[in-house]
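Reading the structure
Listed here are the chains, written in short residue letters.
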Amino acid sequence: MTEDAAPRRKIGVLGGSFNPIHNGHLHLAQGFYEALGLDTVLLIPVFSPPHKSGRGMAAGALRLKMCGLACEGLPWLETSDIELARGGRSYTAETLEQLSSLYAGARLYLLMGADMFLTLDQWRDFDKIARLAALCCTQRRGDGCTRLEECARSLSLRYGAECIVEHLPPVELSSTQIRQKIADGESIEGLVPENVRAFIERKSLYKTL
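Figured I'd write up the structure that's included with this text. (Residues numbered from 1 in each chain as written. Predicted model: local features only at pLDDT ≥ 70, side-chain atom pairs only at ≥ 80, totals over all residues. Heavy atoms only, no water.)

**Regarding unusual backbone geometry**
Inclusion rule: Counting from the N terminus, the helices are DSSP H or I runs at least four residues long and the strands are E runs at least two residues long.
Geometrically, the link from Asn19 to Pro20 is a cis peptide bond, its omega value of 5° lying close to zero. Summarising the element assignment, Pro20 is placed in the loop between strand E1 (10-16) and helix H1 (23-36). Even without a glycine there, the phi angle at Asp125 is positive, about 55°. Of note, Tyr206 is a non-glycine position whose phi angle comes to about 65°, a positive value.

This is the structure in structure tokens:
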């Protein structure tokens, strides 16, 4: 009698500038973790985002440190420096290729919000992205999931992509808002983990835009 094969490890991949990481990111990560039954969620700070200006970006080591602080007390949440170590423009297809080698046999779940999902097929090497990971998204505040579900059907038909639309309670919070509050001398208490807030204050980050 043969033993059943061990179930595939399920790894969520949440990339971003994390400039800084905030409670909205953590809400998204935990929502997908619980809804999809993931084993791990990886926070992956970009080295250089292909679709954004790097102006006002804290150094990669600082952003990675803040992500590490945000993981404290959450054993299912980890950081990865894979894009920072690679350098150059951070392309998702390349990251997923590396992760597929590092976590051989695992199933990858690319986690994102609505805006990213609706433009995914315009990303570099999207066919490779669709082959390497399940594409997972959730709606913005006030939006239903109709557009997302239509987009998911289209991506499935055209590329054979596995698409998952989750109805997670949305949180309206952005790193841009947090940097503006810091520059204006306002408190960010409750918007980021307390140890991240203390680190930002200690390092005098984002005092100017």
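**Some words on the state of the cysteines**
Operational definition: Two cysteine sulfur atoms form a disulfide, by the criterion used here, when they sit within 2.5 Å. Buried, partly exposed and exposed residues are distinguished by accessible area as a fraction of the type maximum, computed with a 1.4 Å probe on protein chains only: under 20%, between the cut-offs, and over 50%, respectively.
If you walk through the whole model with that rule in mind, you get zero disulfides. Here Cys67 stays free of any disulfide, with the sulfur of Cys71 as its closest cysteine sulfur at 6.8 Å. According to the relative accessible area criterion, Cys67 is buried, its value standing at 0%. Cys136 carries a free sulfur, and the closest cysteine sulfur to it, the one in Cys137, is 7.9 Å from it.

**Quick look at the sheet that holds strand E2 (residues 40-45)**
The following threshold applies: At least two bridges found by DSSP between two strands are what make those strands a pair. The axes are straight lines fitted to the C-alpha atoms, using for helices just the contacting stretch, and the angles between their N-to-C directions are given from 0 to 180°.
Spatial ordering of the open sheet is given by E3-E2-E1-E4-E5-E6, a layout of six strands whose pairing is parallel. Looking along the sheet, the strands with just one partner apiece sit at the ends: strand E3 (77-79) and strand E6 (163-166). For this sheet, the mean inter-axis angle between neighbouring strands, taken without regard to orientation, is 25°. In terms of strand pairing, E2 meets E3 through three bridges, oriented parallel. By the bridge assignment for E3, Leu43 is matched with Thr79.

**Points about the side chain of Arg197**
Selection rule: In the analysis that follows, any N or O atom pair within 3.5 Å is treated as a polar contact, provided that within protein one partner can donate a hydrogen and the other can accept it, and provided that, for residues neighboring in sequence, both atoms belong to side chains. We call two residues contacting when some pair of their heavy atoms lies within 4.5 Å.
Here Arg197 lies in helix H9 (residues 194-203). A distance of 2.9 Å separates the side chain of Arg197 from the side chain of Glu201, its partner in a polar contact. Each residue touching Arg197, except ones within four places of it in the same chain, is listed here: Ile188, Glu189 and Val192.

**Let's talk about the pattern of salt bridges**
Counted only if it meets this: By convention in these notes, a salt bridge is any Lys or Arg side-chain nitrogen within 4 Å of a carboxyl oxygen on Asp or Glu.
A full pass over the atoms with the stated rule returns seven salt bridges. Residue Lys128 pairs with Glu97 through a salt bridge whose shortest N-O separation is 3.4 Å. Note that Lys128 is positioned in helix H6 (residues 126-132) and Glu97 in helix H4 (residues 92-102), a separation of 31 residues in sequence. What makes Glu97 partly exposed here is its relative accessible area of 36%. A salt bridge links Arg158 to Asp121, with the nearest nitrogen and oxygen atoms 3.3 Å apart. Placement of Arg158 in helix H7 (residues 146-159) and of Asp121 in the loop between helix H5 (114-118) and H6 is noted, with a sequence separation of 37 residues between them.

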